[in-house]
Each structure stands twice: as C-alpha cells, then as structure tokens.
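Listed below, chain by chain, are the residues.
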Amino acid sequence: MDFLTAARQNQDQIVKDLVGLVQIPSLSDPTTVGPNAPFGAALRQALDYALAMGARDGFKTRDLEGYAGVIEFGEGDEIMGVLGHLDVVPVGTGWTFDPFGGTIKDGFVMGRGAQDDKGPTIAGYAAMRLLKQMGITPKKRVFLILGTDEESGMACMKYYKKHGEIPHFGFVPDADFPVIYGEKGILNLRVSGSAETQIVKLSAGERPNVVIGEAQVTLKGSPKTELFEFYLKAHHLTGHIEPSGDETIYAIKGKYAHGSLPQEGINAAWHLLNFVGSAYQDSTAYQLASLLEHYRGDALGIRVFGSHMGFLTMNLGIVRIENNNIELTLDIRYPQETNEPFIRQQVTERFAALGLRTETIAHKGPLFVDPNSKLVSTLEKIYRTYSGDTQTKLLTMGGGTYARSFDNFVAFGAEFPLRPRPAWVGQVHQADEGYEIEQLILATAIYAQAIYDLACV
C-alpha cells in the first residue's frame, strides 16, 4: 500500500482541516462552561469541528458530553485507539504570527496548538480517511479519541474511562518519533503559607507545566537601577523598571518552554526571587530562590537519575506572593527509580524550615512499556521504513501524554527528530509554535501504515 502517495494526494484537504482547527482558540475557559461544554465554549467548538469532519467523511462519531469525542472506523471485537487532544496551553507573549490565524509560511502551519496537538491529531484522522478511501476496512475497531483537557489535568480521559469503551492498545500522536516507550511520573506540589518578605506582589505563571517566560515584581521604595542592570547583564537577560508612586516594578523577560524540559527555558519568576533576595537582602526571597535554583532538584534533596528516563526535573510553574502570603506550584517529573511519597517528604522538609506547608495537588505515576514488545517493535519498524532514520534511539521523556491513561499505549510521533526546525518557528508551548506540512504528510502515511499493520491484517 502506497500510503505516502495517497497522503500527498490528500495534502490540500489535510492542511485545510488543520488550519481550520488551529483557528479555533481552544483554551479552557471556566467562564463559558455549560451543558456539554465542561471546559468552555471554545473547546466545545473545537470538538464540534473535529466530529463534523468525521461525519463529513462517513465515519461513526460519538460525543461524550463534551469531555471527549470518538471517530470510529472498522469492525471486530478488539479496539485500537489513537488518542489526540484539542486543547492548547495559553498563548503567552512574543508572537510574530496571529496565534490563532493558522498562517501558512514557507511550508509551516503557524499557530498555538499546530504541533501540540492539532497537527498530529489531524494526521491520525487523515490516516483513517486514507484507509477508507482505499477501500480498506479494519478487522479491529479503530477509535480516534479526541480529548479536551490534556493540558490542564486530563479530566477528559478520567471521564472517558468511566463512560467510554476502553481500547485494548494503541498510540498517542503527541510527542516524538521513533517511539516513546516510557514517561516520567508527574507530580504537582503546592507550597503555601505566610512568611515575611519585602515583596509587595509577585504573580506569575498560569500552568505548572510551562516555564514562566515573563514576570514582574513590585517592591516599596525607589528603584535600585544599577543593581538591576548589573543583574540583567550578569545573567544575559532583558528587563525594565517601572516606577509607580512610592513603589517600584521590576520586570524580567525569560523564555517559555515545556515544564518537562525546564532547562530549555529561562524562568523569569525565579530570577526575580533571586534578584530580590540579593539586592534587598530579603531572606524569604533568597531562601526560595536557593531551594528552587536547580532544575534537577538538588537543593530539595530529590536529585535522582533513572536508568531509562534520565534525571528528575523540577519546574517552578506558578508563583503568587502578596501581603506576605506565598503560594508556589512545582511540576516535578521523576523516573521510576523514585516515587511520590519520597519526593513529597523531601520537599516538605525543606520548605517547612521557612514555615511553609507542602501538599500534592496532582499526581500520575510513570509509564513503562517493554521496548521489545510487539506494539513498540511494529511502530519502530514503520517509522524507520518511512523516514529512513536508522540512528535515533527509542525514547523516554518527561512529558505526560494520554498514553498513561490506558494499558499497552505508547506515544508515537509526530515530531521527526532529524528534520531541522527554522529559528523563526517556535517549539511546543513557545511563541510562534508551528508544524511543518511535510512532517504532517509523512506522519499521516506512517499512521495509516500503523493502523493497517495493527488493525487490518
């Protein structure tokens, strides 16, 4: 079966479907929650759009009260799942493209969610459509499951597991090729309490899983201009000072990144804590900055290296400080060699010295699928055949996907590791996020082959 040629012949429709989906600002919005819209009106619109595609092309579709949707193809007792999500992270700043414009430039579709995860989800759908166009009916039922809350806690999959049919195996197009056979545990901790500080206000970050790319802090008194300029220069940062009556606002621009890769970002809120701690001799700010300095959790006593998954990582994702009230949210990704109780105990002990308490607000254990299993080996072979990539090793990662929602699932694409990314195209969770059309078409062909090999023969 020449799925790549078929995908190229369908390229115009595939790109059109993706552009239309990117143009929907599918952010979770509590203010517009309603019947069959548990995460707001925009996500309801995105789910309607995707289900309408399925109906347009003659597939069975189901709507699980707005939490998730299913586009179904094939017959049989066993179910293969392809799990994608329609929600996106907040836009942030620094865009040169309309975040929801779906602009096409130099072979890329630009916009928030183009790569995470609308492009790969469209590739999964287009793969099903290719098989249908070619007259191939799977011998297993194939479900494209469309989630709507992947970025904010996966409540959509919790609902689906209670109300939907459970797939027996499958893949998630929401990561990198060749195959992600392991995912770190994800632990979100809230650190809160009261402590004396000169900080009038520091409110930064929207999600635990995003490195804080910009932040500002308000303090009493006149600006410490020379110290701030020295700090910016010493750390290769940009920022500015805004005098405001008898107060001073310091602002720093860092770099947004996915919270599972904090080393790829620059945490602006941490730098402000560090600056205040040193320039103002603020003990609380200094101690917070010291505890949170190392993205591997050294000062928190949680540094650990995993044999398959590498180092534990820690991201300071949300900071709220006002009137001596402090609330921090940490996103910790850990390998299978450690566990949630140990991490929580170590973090609790460190922050207790500052009079702050620690609590778990979300936790998902690690995912590990045998890299020699039939599922992994089949997907790996397909990827290498289509891509010609024989050197990239099978992967584990710190990011969390829907794969951990069900047994015998792995993340499979749709980012090709050997394809260069132009400097003007942002990564997932960054400004100017984009997805290459050529990768979209290659992924469509690969997913069609995967569905064929795993559900049709």
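Criteria and cut-off values
Residues numbered from 1 in each chain as written. Predicted model: local features only at pLDDT ≥ 70, side-chain atom pairs only at ≥ 80, totals over all residues. Heavy atoms only, no water. Core = buried A, V, L, I, M, F, W, Y, C linked by side-chain atoms within 4.5 Å. Buried < 20%, exposed > 50% of the residue type's maximum accessible area, 1.4 Å probe, protein only. Helix = DSSP H or I, 4+ residues; strand = E, 2+ residues; numbered from the N terminus. Contact = heavy atoms within 4.5 Å. Phe/Tyr/Trp six-rings, centres within 6.5 Å; stacked < 30°, edge-to-face > 60°. Lys NZ or Arg CZ within 6 Å of the ring centre and 35° of its normal. Expected span 1.5 Å × (residues − 1). Polar contact = N/O pair within 3.5 Å; in protein donor to acceptor, adjacent residues only side chain to side chain. Pairing = 2+ DSSP bridges. Axes fitted to C-alpha atoms, helices over the stretch in contact; angles between N-to-C directions.

Which parts of the structure should I look at to understand the nonpolar core?
In summary, soluble globular proteins display a tendency toward joint burial of nonpolar side chains. Formed by 86 residues in total, the largest nonpolar core has its most connected members in Tyr 160, Leu 379, Phe 412, Ile 446 and Tyr 447. The greatest single-element share of this core, amounting to 13 residues, is contributed by helix α11 (residues 437-455). Contact partners of Ile 446, with chain neighbours within four places excluded, come to Phe 177, Ile 382, Tyr 383, Tyr 386, Phe 412 and Phe 416. In this structure, Leu 202, Tyr 231, Ala 269 and Val 319 belong to the second largest nonpolar core, which totals 49 residues.

Please clarify how the environment of Asp 174 should be interpreted in this entry.
Here Asp 174 is to be found in the loop between β7 (169-172) and β8 (175-176). Taking the relative accessible area as the measure of exposure, Asp 174 reaches 13% and is therefore buried. With 89 residues separating them in the primary sequence, Asp 174 and His 85 have C-alpha atoms 8.3 Å apart. If near-sequence neighbours (up to four positions away) are discounted, Asp 174 is found in contact with His 85, Asp 116, Asp 117, Glu 150, Thr 401, Gly 413 and Ala 414.

Just to check I follow, could you spell out helix α4 (residues 114-133) for this structure?
Given 3.6 residues to a turn, an α-helix orients residues that are three or four positions apart in the same direction. In terms of burial, α4 is a largely internal element, 18 of the 20 residues being buried. Downstream of α4 by one or two residues, Gly 135 has phi in the positive range, about 80°.

Looking at this model, I keep getting lost on the packing of aromatic side chains. Mind explaining?
For any pair of aromatic rings, geometry is given as the distance between the ring centres together with the angle between the planes. Under the definition given, this model contains 25 aromatic pairs. Pairing Phe 59 with Tyr 125 gives two aromatic rings, centres 5.7 Å apart and planes at 75°, and the pair type is edge-to-face. Linking Phe 59 in the loop between α3 (41-56) and β1 (60-64) with Tyr 125 in helix α4, this pair joins segments that are 66 residues apart in sequence. Its relative accessible area of 7% is what places Phe 59 among the buried residues. Taking the centre distance of 6.1 Å and the plane angle of 40° together, the rings of Tyr 383 and Phe 416 count as tilted. With Tyr 383 in helix α10 (residues 374-387) and Phe 416 in the loop between β23 (414-415) and β24 (434-436), this residue pair connects regions lying 33 residues apart in the sequence. A residue is classified by how much of its surface remains accessible, and Tyr 383, at 1% relative accessible area, is buried. These aromatic residues form a ring-pair network of at least three members: Phe 171, Phe 177, Tyr 383, Phe 412, Phe 416 and Tyr 447. Lys 161 extends its terminal NZ or CZ atom over the ring of Phe 406, reaching a point 6.0 Å from the ring centre. Above the ring of Tyr 280, the side-chain terminus of Lys 224 is found at 4.9 Å from the ring centroid.

Even after reading the chapter, I still don't get helix α7 (residues 268-279), so can you show me in this structure?
The terminal C-alpha atoms of α7, which comprises 12 residues, lie 16 Å apart, in line with the 16 Å expected from a rise of 1.5 Å per residue. Where burial is concerned, most of α7 is hidden: 11 out of the 12 residues are buried. The elements touched by buried residues of α7 are β11 (199-204), β12 (214-220), α6 (225-234), β14 (247-253), α8 (283-291) and β17 (313-322). By the N-cap criterion, in which a side-chain oxygen at the helix start approaches the backbone nitrogen of a residue two or three places on, α7 is capped by Asn 267, the distance to Ala 269 being 3.2 Å. Immediately downstream of α7, the backbone of Gln 281 shows phi near 50°, a positive value.

Honestly, the sheet that holds strand β10 (residues 185-194) in this entry has me stumped. Any pointers?
Strand pairing in a sheet relies on backbone hydrogen bonds. The paired strands run either parallel or antiparallel. Read from one edge to the other, the open sheet built from 8 strands follows the order β13-β14-β12-β11-β17-β18-β10-β19, with strand pairing classed as antiparallel. Each edge of the open sheet is held by one strand with a lone partner, namely β13 (238-244) and β19 (356-364). The sheet shows a mean angle of 20° between the axes of neighbouring strands, direction not considered. Here α8 sits on the sheet in contact with β11, β17, β18 (325-334) and β19, set at roughly 5° to β18.

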